Amino acid sequence: MNKLKKVLQAYGTILALIMIVIVFSILRPKSFFTLRNFINISRQISLMVIISIGATLVMSINEFDLSIGSMASLGGVISALMAVAGVPLSLCFICPVLISLIIGWVNGWIVARFSVLSFITTLGMRTVLSGVIYRLTGGATVFQDIPKGYSWLGTFRIGQIPLLSVIMVVFVILFDYVMRHTVLGRRLYAIGGNEETAKISGIRVPFYKNIAFALCAMLSCITGMLIASRVGSANTTAGEGYFLSSYAAVFIGCTVSKKGIPNVIGTLVGCAILGILTNGLTMLQMPTYMQDIITGAIIIIAVIIQKIGKR
Amino acid sequence: MKKIMIVVLVILMTCLSAQAEMTGKQVALMTPYLGSVTTNQMVEYLKDDLEAKGAVVTVINTNNDFSLLASRIEDVAISGQTDAIVLVSADPSQVANQLQDAFDAGIPVFGCDSGFIEGMAVNATSDNYQMGELIVHYLFDDLMGGKGTVIALTHRPHPGVVKRCIAFDEIIKDYPDIQLITEQHVPAEQPINDAQTIVENLLLANAEEGSITAIWAAWDEPAIGAAQALKEAGRDEVIVTGVDGNQQAVSLVAEDGCLKATVAQNFEGMAAIVVEEMEKLFDGQEIEFGEKYAPATLITLENIEDFLE
Amino acid sequence: MLLQTKHLSKQFNGIYALKDINFSLDSGEVHGLVGENGAGKSTLIKILTGVYTPDEGELLWNGQPVLNNDPIKSRKTGISVIHQERTLVPTFDGVENAYLGLPYPTKGGRIDWKEMRRRVSETASEYGIDIDLNKTAAEMSPPQRTCLEIVRAMMNECSLLILDEPTASLTDKESELLFDIIRRLKQKGTSILYVTHRMDEIFRLTDRISIFKNGEMVERIETGLTDRNSLIAKMTDNWTAESIVRTKEPGKSLLKAEHIRSRDGIVKDACLEVHAGEILGLFGLGGSGRTELLECIYGYRPMAGGTITVADRQIPDMTPEKAIHMGLALICEDRRGKGLIGNLSVRENVILNCLDDYSGNGIVSEEKEKNAVREMVGQLQIKLAGIEQRIIELSGGNQQKAVFAKTLMTHPVIFLCDEPTQGVDVKTRAEIHRLLREEADKGCGIIFVSSDLKEVMEIADRIRIISAGRTGDLLENNGITSRQVLSCCYAM
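Residues take numbers from 1 onward in each chain, read along the sequence in its written order. Whichever chain is written first becomes A and whichever ligand is written first becomes 1, with later ones labelled in order. Residues qualify for local features only when their pLDDT is at least 70, as the model is predicted, and side-chain atom pairs are given and counted only at 80 or more; totals for whole chains, interfaces and linings, by contrast, use all residues. Side-chain numbers here rest on the full set of heavy atoms in the structure, without hydrogens or water.

Colleague: Can you walk me through the interface of chain A and chain B in this structure?
Modeller: How big an interface is tends to be stated in terms of the accessible area lost upon association of its parts. Residue contacts follow a heavy-atom distance rule, with two residues in contact if any of their heavy atoms lie within 4.5 Å. With 37 residues of chain A at the interface, the matching set in chain B holds 34 residues. The term buried area refers to how much accessible surface (probe radius 1.4 Å) is lost by two components on association, counted for both of them together. Together chain A and chain B conceal approximately 2800 Å² of surface at their shared face, both sides included; 46% is due to carbon and sulfur atoms. One speaks of a salt bridge when a side-chain nitrogen belonging to Lys or Arg is within 4 Å of a carboxyl oxygen belonging to Asp or Glu. In this structure, the connection of chain A to chain B is made through four salt bridges. The residue Glu232(B) makes a salt bridge to Arg43(A) at a minimum N-O spacing of 3.0 Å. Under the rule applied, a polar contact is a pair of N or O atoms within 3.5 Å (in protein, one hydrogen donor and one hydrogen acceptor; residues adjacent in sequence only if both atoms are side-chain atoms). One can count 16 residue pairs in polar contact (both at pLDDT 80 or more) joining chain A with chain B. Runs of E in the DSSP output that reach at least two residues are strands. Runs of H or I that reach at least four are helices, and both are numbered from the N terminus. Of all the secondary structure elements, the ones that give two or more residues to the side of chain A that touches chain B are α2 (35–60), α5 (118–137), α10 (205–231), α11 (240–254), α12 (264–283) and α13 (288–310) of chain A. Ranked by residues supplied to the side of chain A that touches chain B, first place goes to α2(A) with six residues. Residue classes follow a fixed rule: Ala, Val, Leu, Ile, Met, Phe, Trp, Tyr, Cys and Pro count as nonpolar, while Asp, Glu, Lys and Arg count as charged, and any other residue, Gly among them, counts as polar. The class makeup of the residues in the side of chain A that touches chain B is ten nonpolar, 22 polar and five charged.

This is the structure we're talking about:
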């Protein structure tokens, strides 16, 4: 029993992922368990992974950012509007990133400087950003006169491999390295572990909070731009669909780490679980309501299993 | 100088009195779906027409949130500042209690592509059921030749879309050789992206060429997503249809890709009906309460020129 | 007799916190309870209020034995306590706070707010308490809150009110107001158990005094029949620490703190200086502001005034970051809350203060880091499964050693140690003492805070007294007695 617990604690979530893959492979051997489908899945989860890495950073300092969805929508909208206006494409993808860094910095600054709960701060920011989107677009999806080249990032393939999957892998490797092997990552975890100890250890807590929020906003913005590029239009609510599922992915991801802390690889596993479920259940041509029930139940079960292991 | 001023004033006043029934009227345009292209178009038409007639227009959008829409209707009804409400693309039965407040306050409620419940003045709409019939018959008879398999992409919470779905449900019963593979619900936040993902997965599950004959989308955005997925997967043989006639869809029909047909709703016509009926009402004329339809047309490659902007 | 205990005992981990206590208290008397830190006063209060259940002995209330095993029962019996940490709901107003735990009067199914207000203000005026009941507890000043707690206690028809250091956060004038209320309570027949370190309050207010020492009750005495010196003598064992054998005389001044005031008002006016090669003991009773003073010096707690000079350079706006750079190290009293990060590994904790030294261009060089941590762990003989073990899994003593390891990594020259041997075993305690002495001999300066006077006298070269946020005498630890030290504390 004890051994079982230890195994569950260390590998429970990974085992769940493997089991899901096995079940679908048995049920749909010809279509699910194929290289083509896995490439397909990697592309489908790529956007969620990138935005979820942002959520991981903020959660590593024990805060929340509820504005990631609207930040993503805003990123897509600004970028698409610039493209429509004829701005060179490279600038269309760079300027929104700079704007998002500032917005994220403001989030962090309010949280750290005035000790406002991040929950409230970012809830406010989310509403502000929705307002800005409305002001910019009048609420309409931006799609007319977007130059063809704008869709390159979201649709290009290197041989069989979609560029989006490659971008995802680069971000995962980069931020996993940052969180585990750099001074920045170690300090973020220290702040998340115990803010008072971090202060006494000479860590400039407000500065690092700003950075975490800024990076999170940046990753959200990049996600939003990639959505717009993929579908060739910028919907004013495009990012909201990722808001809850990305936090679900981070929570599942926490269970991958022995310390129970948010981590990039865990988040990738979380996104993979959610993405593979959607993919497999659609392949089984399961009605949508059943997909929702099964996905929700699996999120809850994953977390319970890990808690049992920890006890 | 004084004389000229008086003349100008008199002219101005005559001008104003000619459309006095609309001047200064406060009209609230309320919708949860301003992000949708078609809803947005309608709101723009309504706003332009009403403002041209001198009305003061407020646009209220609640970002897919019906309970928020309900609260905002209460606000409008209670404040007593508003002379008319126009619900745009919002099912009135979902906010029936709040609309009752407006009815009690004597505020006329119009619908634009919304739905009709007792107490409202007029709902101008396409006959969604008829639009459904139009495209489903065209798909089943002309494009599929009465046989094959079909996937349905739907969103039944929407009052207009659900009628198209009902039309689909009923017509498919008459075609024993057409098989429904699956129906998938497409969320409203990012329908293109989500539909693309859903179709990609279904294509892999039905990987054989010819295993899917057609994809029927209940509105244009999932049709666009489906067409993109098919294009990327190289499954050009699959037929896609949409409904609504939005510009992105029209341009895809013009490209002669997978998206073969859509239905143009006459949004401008709907807006015109609402404005016309509202004007009559403010003028004190009797109007007939209920649904009023603006006729819809099928868009295919043959008549595409008329719809390209 | 209102309250009596018979042969009351309570143990924690096999050590007596209270042993064979026969305590008694009459109706309508103000009874003083005095004793050093750890004499057993708090344990007695917690037993009387039902927080702890005694291991042996019984409690008599009006001559009847009572089972007093939960705080609600105790309150119903008529015993209320007013702590240093208050127990009001900050967002409730005076009326609602006074009614906490009482059934609300209702009229026709609705709460009768008028009746509540009437009853509360009636009780308040009965005891001459004048507070604005419309204010929320958060808006009230500390003395107003104390008054509100008294009102709340009296709403419960309390016949024994326990006041635990009630004047700790009050100014002299505010204290006077409280004393007036106490007199009025006494006239109305309420008994008061008054717990304090402040001798003048004991002599002004109480009728009788019970003296506790090391978990035992030494004596009960009429206040009129004793004086300050003999009381202190009874509270403390008198002993003299062995003189510290110094290898060399204290060197140059390393750290000087002058007229420190903290923004929260806990530290009121504190001065101290520490020299190379010396261990300076900082001794004060509970609530004297010793922890807070160290935190001010380290730049962790905001200051309202005062200057800090490190190595002859005055440092304005000290921050922990600067402090570490200047060679300061803080060992916190609250190990879990401020000293370490429980869910991270020993390695990640130990390296925390000096991550920059083990990284280049923002990237941690892990090999170097691991070696350094392993070396430090070996040097301090920290027992662990491996440096990747989560620090929370270590024993208390090893956790504390890890905290020392963390601070030693930055090679500090000034150690600010706040209760560094709290909750550690005897062996580790000796090791920590030896370590600190070694560092001092290397030329470091050490400030050593402990609430255990014996420990301070064992290790410190000199002892600075702190009381109520103000520093007092500086005593050479050379043949002085514990009684002398304590009378300095009580004299302030």
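Colleague: Where do I start with the interface of chain C and chain A in this structure?
Modeller: On the chain A side, the residues contacting the 31 residues of chain C number 21 residues. Interface area, chain C with chain A, both sides summed: about 2200 Å², of which 54% is carbon and sulfur. The tally of links from chain C across to chain A stands at three salt bridges. Close ionic contact of Arg204(A) with Glu321(C) constitutes a salt bridge, the shortest N to O distance being 3.4 Å.

Colleague: Teacher, can you tell me more about empty space enclosed by the protein here?
Modeller: A water-sized probe rolled over the atoms picks out the places where empty space is left. Residues and elements named next belong to chain C. For each structure, a 1 Å grid was placed over the protein atoms alone; sets of points admitting a 1.4 Å probe that cannot get out are labelled cavities, open sets with protein on both sides within 12 Å along at least five of seven lines are labelled pockets, and lining residues have an atom within 4 Å of a point. Grid points are joined across faces, edges and corners, and a volume is the space filled by probe spheres set on the points. Evaluated as defined, the whole model comprises five cavities of 30 Å³ or more. Taken as a whole, the largest cavity encloses approximately 80 Å³ of empty space. In this structure, the second largest cavity spans a volume of roughly 50 Å³. What lines the second largest cavity is simply Arg75, Ser80, Val81, Ile82, Glu149, Arg152, Ala153 and Leu161. For the lining of the second largest cavity, the elements supplying multiple residues, two or more each, are β7 (79–82) and α5 (142–155). Of the residues belonging to the lining of the second largest cavity, the class tally is four nonpolar, one polar and three charged.

Colleague: Is there a simple way to think about the packing of aromatic side chains in this case?
Modeller: Aromatic ring pairs are reported here in terms of the distance separating the ring centres and the angle at which the planes meet. Paired rings are identified among Phe, Tyr and Trp, the last through its six-membered ring, by centres lying within 6.5 Å, and are further divided according to the angle between planes into stacked (under 30 degrees), edge-to-face (over 60) and tilted (the rest). Counted according to the given criterion, the structure contains 17 aromatic pairs over all chains. Centroid distance Phe32(A) to Phe38(A): 5.7 Å. Interplanar angle 75 degrees. Geometry classified as edge-to-face. Note on Phe32(A): relative accessible area 0%, which makes it buried. Under the relative-accessibility criterion, Phe38(A) is labelled partly exposed at 29%. Here Tyr99(C) and Tyr104(C) contribute two aromatic rings whose centre-to-centre distance is 5.8 Å and whose plane-to-plane angle is 75 degrees, an arrangement assigned as edge-to-face. Taking NZ or CZ as reference, Arg126(A) lies 5.5 Å from the ring centre of Phe243(A), over its face. Over the face of the ring belonging to Tyr16(C) we find Lys19(C), whose NZ or CZ atom lies 5.1 Å from the ring centre. Classification of residues uses two cut-offs on accessible area relative to the type maximum, computed with a 1.4 Å probe and protein chains only: under 20% is buried, over 50% is exposed, and between them is partly exposed. Criterion for a charge above a ring: Lys NZ or Arg CZ within 6 Å of the ring centre, and within 35 degrees of the ring normal.

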